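Results of the structural survey
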Amino acid sequence: GAGVSQTPSNKVTEKGKYVELRCDPISGHTALYWYRQSLGQGPEFLIYFQGTGAADDSGLPNDRFFAVRPEGSVSTLKIQRTERGDSAVYLCASSFTHGNTEAFFGQGTRLTVV
Amino acid sequence: SQQGEEDPQALSIQEGENATMNCSYKTSINNLQWYRQNSGRGLVHLILIRSNEREKHSGRLRVTLDTSKKSSSLLITASRAADTASYFCATDARSGSRLTFGEGTQLTVNP
């Protein structure tokens with residue numbers, strides 16, 4: 001596709017459930033980022049992939065959060081045992097490479113934990 | 001703490017006026033980028049300025065960077081109602097692997 005695609009666009013889940021959020025980056029982009037944004041705040045870094053490997057996962061808040069990018073393209077952010085505090089917009093971005101290049105963002109997945 | 005901090009937090013102007021937003025940061029950077037966001041969803045990249053650049057223009061946008069003061073400004077000239085959005089600065093730190101965003105400035109342009 002022409003841009004970064006994120007699915008689903010909205011997800012409502014019950015507290016304690018498991019969710020998967022998908023990101024399809026721009027073809028050829030080796031760098032992929034996940035961010036989380038709460039209302040009225042700036043995006044908060046979660047994890048960065050260079051190719052298939054997680055180059056920096058220091059932003060993941062705890063071990064309930066995990067992300068993969070097995071073939072160096074599509075990435076899945078996985079959240080176990082969801083909590084109400086996980087409610088936010090989860091943004092994915094990709095760039096051709098890391099450093100000195102713009103990042104292209106998807107429209108995000110709005111996760112609501114009830 | 002946030003690497004980038006924008007001010008003001010909110011700005012309301014009339015169409016045709018200029019809008020200036022400022023960003024301060026703490027660590028050494030490779031570059032600083034400005035993004036725009038409508039309605040809390042996807043961010044759109046506006047402009048990237050490298051650490052060895054001082055000023056950059058793109059259409060009605062003008063960005064300055066002062067690395068000695070660790071600050072940047074975004075000027076939107078001849079604003080339009082369609083410019084209403086949140087604007088974020090993001091820094092790409094030399095020692096880091098991420099873009100670090102500030103809290104943003106909410107710009108409202110009144111017709």
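See the structure printed just above.
Described below are features of the structure shown in this document. Per chain, residues are indexed from 1 in the order of the written sequence. Chains and ligands are labelled sequentially in the order written, the chains with letters from A and the ligands with numbers from 1. In keeping with the model being predicted, local features are shown solely for residues with a pLDDT of at least 70 and side-chain atom pairs are shown and tallied solely at 80 or more, while totals for entire chains, interfaces and linings include all residues. Side-chain calculation: all heavy atoms of the structure are included, whereas hydrogens and water are not.

1. Here's the deal with the overall build of chain A
Regarding its fold elements, chain A presents zero helices and eleven strands. Strands are runs of DSSP state E lasting at least two residues, helices are runs of H or I lasting at least four, and both sets are numbered from the N terminus onward. In chain A, the order of α-helices and β-strands from amino to carboxyl end is β-β-β-β-β-β-β-β-β-β-β. Only the C-alpha atoms count toward the radius of gyration. The rule for a globule is 2.2 Å times the residue count to the power 0.38. For 114 residues, the compact-globule estimate of 2.2 N^0.38 gives 13 Å, and chain A sits close to it at 13 Å. If one aligns the C-alpha atoms of chain A with their principal axes, the spans along those axes are about 40 × 25 × 25 Å. Residue burial in chain A is summarised as follows: out of 114 residues, 45% are buried. The contacts of chain A with a sequence gap of at least 6 include a subset with a gap of at least 24, amounting to 53%. Per-residue and other accessible areas follow the Shrake-Rupley method at a 1.4 Å probe size, with only the shown protein chains counted as cover for residues. Surface summary for chain A: the accessible area is close to 5,300 Å², and the carbon and sulfur share equals 48%. Only four residue types enter the tally: Lys and Arg on the positive side, Asp and Glu on the negative side; His and the chain ends are excluded. To locate a charge, take atom NZ for lysine, CZ for arginine, CG for aspartate or CD for glutamate. Here chain A contributes 11 positive and 11 negative side-chain charges, whose respective centroids are spaced 8 Å apart. Only protein chains enter the area calculation, which uses a 1.4 Å probe; residues under 20% of their type maximum are buried, those over 50% are exposed, and those in between are partly exposed. Should any heavy atoms of two residues lie within 4.5 Å, those residues are counted as being in contact.

2. Notes on the packing of aromatic side chains
Each Phe, Tyr or Trp ring, with Trp reduced to its six-membered ring, pairs with another whose centre is within 6.5 Å; inter-plane angles below 30 degrees give stacked pairs, above 60 give edge-to-face pairs, and intermediate values give tilted ones. Taken as a whole and assessed by the stated rule, the structure comprises eight aromatic pairs over all chains. Summarising the aromatic geometry, the rings of Tyr35(A) and Phe105(A) are spaced 5.9 Å apart at their centres and angled 50° between planes, so their arrangement reads as tilted. With a gap of 70 residues between them, Tyr35(A) in strand 4 (residues 31-37) and Phe105(A) in strand 10 (residues 104-105) connect regions that are remote in the sequence. With relative accessibility at 9%, the residue Phe105(A) sits in the buried group. Between Tyr35(B) and Phe101(B), the ring centres sit 5.6 Å apart and the planes meet at 55°, which makes this aromatic pair tilted. One end of the pair, Tyr35(B), is in strand 4 (residues 29-37); the other, Phe101(B), is in strand 10 (residues 99-101), with 66 residues separating them in the sequence. An aromatic cluster of three or more residues is present, and its members are Tyr35(A), Phe45(A), Phe105(A), Tyr35(B), Phe88(B) and Phe101(B).

3. Digging into the sheet that holds strand 3 (residues 19-24) of chain B
Residues and elements named next belong to chain B. With respect to topology, five strands assemble into an open sheet ordered 1-3-8-7-6, the strand pairing being antiparallel. Two strands lie at the open edges of the sheet, namely strand 1 (5-7) and strand 6 (55-58), each paired on one side alone. Across the sheet, the mean angle separating the axes of adjacent strands is 20° when strand polarity is ignored. Think of it this way: DSSP has to see at least two bridges between two strands before they count as a pair. Where strand 6 lies against strand 7 (residues 61-66), four bridges are found, and the strand directions are antiparallel. Looking at strand 7, one finds that lysine 56 is bridged to valine 63. To get an axis, a line is fitted to the C-alpha atoms, and for a helix only the part in contact is used. The angle between two axes follows their N-to-C directions and goes from 0 to 180 degrees.

4. Considerations on the sheet that holds strand 7 (residues 65-68) of chain A
Residue and element names in this part refer to chain A. Strands sit in the order 1-3-8-7 across an open sheet of four strands; the sheet is antiparallel. In this open sheet, the two strands that pair with only one neighbour each are strand 1 (5-7) and strand 7. Pairwise comparison of adjacent strand axes, ignoring direction, gives a mean angle of 15° for this sheet. Two strands pair when backbone bridges link them, and strand 7 and strand 8 (residues 75-79) are joined in this way by four bridges, in the antiparallel orientation. Along strand 8, the bridge assignment pairs phenylalanine 66 with lysine 78.

5. Examining the state of the cysteines
Throughout, disulfides are identified as pairs of cysteine sulfur atoms within 2.5 Å of each other. As enumerated under the stated definition, the model contains two disulfides over all chains in all. One disulfide bridge connects Cys23(A) with Cys92(A), the sulfur atoms lying 1.8 Å from each other. Residues Cys23(A) and Cys92(A) share a disulfide whose torsion about the S-S bond is about -65°; that sign makes it left-handed. In this pair, Cys23(A) is assigned in strand 3 (residues 19-24) and Cys92(A) in strand 9 (residues 88-95), connecting sequence segments 69 residues apart. The disulfide bridge from Cys23(B) ends at Cys89(B), spanning 2.0 Å between sulfur atoms. Taking the torsion about the S-S bond as the criterion, the Cys23(B) to Cys89(B) disulfide, at about 65°, is right-handed. Of this pair, Cys23(B) sits in strand 3 while Cys89(B) sits in strand 9 (residues 85-93), placing them 66 residues apart in sequence. Classification of Cys23(B) as buried rests on a relative accessible area of 2%.

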